[in-house]
Amino acid sequence: ETLSIGVSAVFQNVSAFYTLPSSPTAGLMVEVVGIGNQWRVTAPSGYYIRDGADLSASGGNIASSYAYDCVTLVYIGNNVWTVKASKGALTLDAA
């Protein structure tokens with residue numbers, strides 16, 4: 001399922017696998033909050049996820065390590081989503 005811009009996705013007691021929007025505009029955000037189970041968010045093919053100095057592979061993903069991890073992702077342009085804020089231990093599928 002594709003995440004919606006400006007909507008917090010709260011995953012309660014279910015493992016969740018979602019995809020970032022494929023036609024975002026700069027500045028748009030998605031927020032993921034885990035409540036009771038792990039989650040994974042995947043970038044569409046040709047898009048990347050950046051967490052600090054680390055960059056995912058094209059179509060890579062960011063995932064929770066624990067059930068209550070959270071992340072806010074912002075689209076910054078040039079096919080890159082970046083981590084604005086996070087809580088917990090996230091794993092980035094680095095390139």
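Right above here is the structure, for reference.
Right, let's walk through the structure included here. Numbering of residues begins from 1 in every chain and follows the order in which that chain's sequence is written. Where totals are concerned, whole chains, interfaces and linings use all residues; where local detail is concerned, this predicted model gives features only for residues with pLDDT of at least 70, and gives and counts side-chain atom pairs only at 80 or more. Excluding hydrogens and water, the side-chain values take into account all heavy atoms of the structure.

Take the overall build of the protein next. Secondary structure elements are defined from DSSP: runs of H or I of at least 4 residues count as helices, runs of E of at least 2 residues count as strands, and each element is numbered from the N terminus. Each helix and strand counted, the protein has 0 helices and 10 strands in total. Secondary structure elements in the protein, listed N-terminal to C-terminal, are β-β-β-β-β-β-β-β-β-β. Burial classes follow relative accessibility: with a 1.4 Å probe on protein chains only, a residue under 20% of its type's maximum area counts as buried, one over 50% as exposed, and anything between as partly exposed. With 95 residues in all, the protein has 38% of them scored as buried. Any two residues whose heavy atoms approach within 4.5 Å at even a single point are treated as in contact. Partitioning the contacts of the protein with sequence separation of at least 6, the portion at a separation of at least 24 is 52%. When the accessible surface of the protein is summed, it comes to about 4,900 Å², and 48% of that surface belongs to carbon and sulfur atoms. Residue burial considers only the protein chains on display, and all accessible areas are found by Shrake-Rupley using a 1.4 Å probe.

This next bit is on the environment of G46. Position of G46 relative to the elements: it lies in the loop between β4 (39-42) and β5 (48-51). In the structure, G46 is positioned 14 residues away from G60 in sequence and 9.2 Å away in space, judged by C-alpha atoms. In contact with G46, other than residues within four places in its own chain, are S58, G59 and N79.

Our focus in this paragraph is the packing of aromatic side chains. Any Phe, Tyr or Trp ring, taking Trp's six-membered ring, that has another such ring centre within 6.5 Å forms a pair; planes under 30 degrees apart are called stacked, those over 60 apart edge-to-face, and the others tilted. Within this structure, the stated rule accounts for 2 aromatic pairs. On the basis of an interplanar angle of 50° and a centroid distance of 6.1 Å, the ring pair of Y47 and Y75 is categorised as tilted. On the criterion of sequence distance, the pair formed by Y47 in the loop between β4 and β5 and Y75 in strand β8 (residues 70-77) is long-range, its members being 28 residues apart. In this structure, Y47 and Y75 share a single accessibility class: buried. Following the ring pairs from residue to residue traces out a cluster consisting of Y47, Y75 and W81.

Our focus in this paragraph is the pairing of strand β9 (residues 80-87). We treat two strands as partners when DSSP finds at least two bridges between them. Sheet analysis places β5 next to β9, joined by 3 bridges and oriented parallel. Paired with R50 across the two strands is T82, which belongs to β9. By the bridge criterion, 7 bridges tie β8 to β9 in an arrangement that is antiparallel. Note on β9: the bridge partner recorded for T72 is A85.

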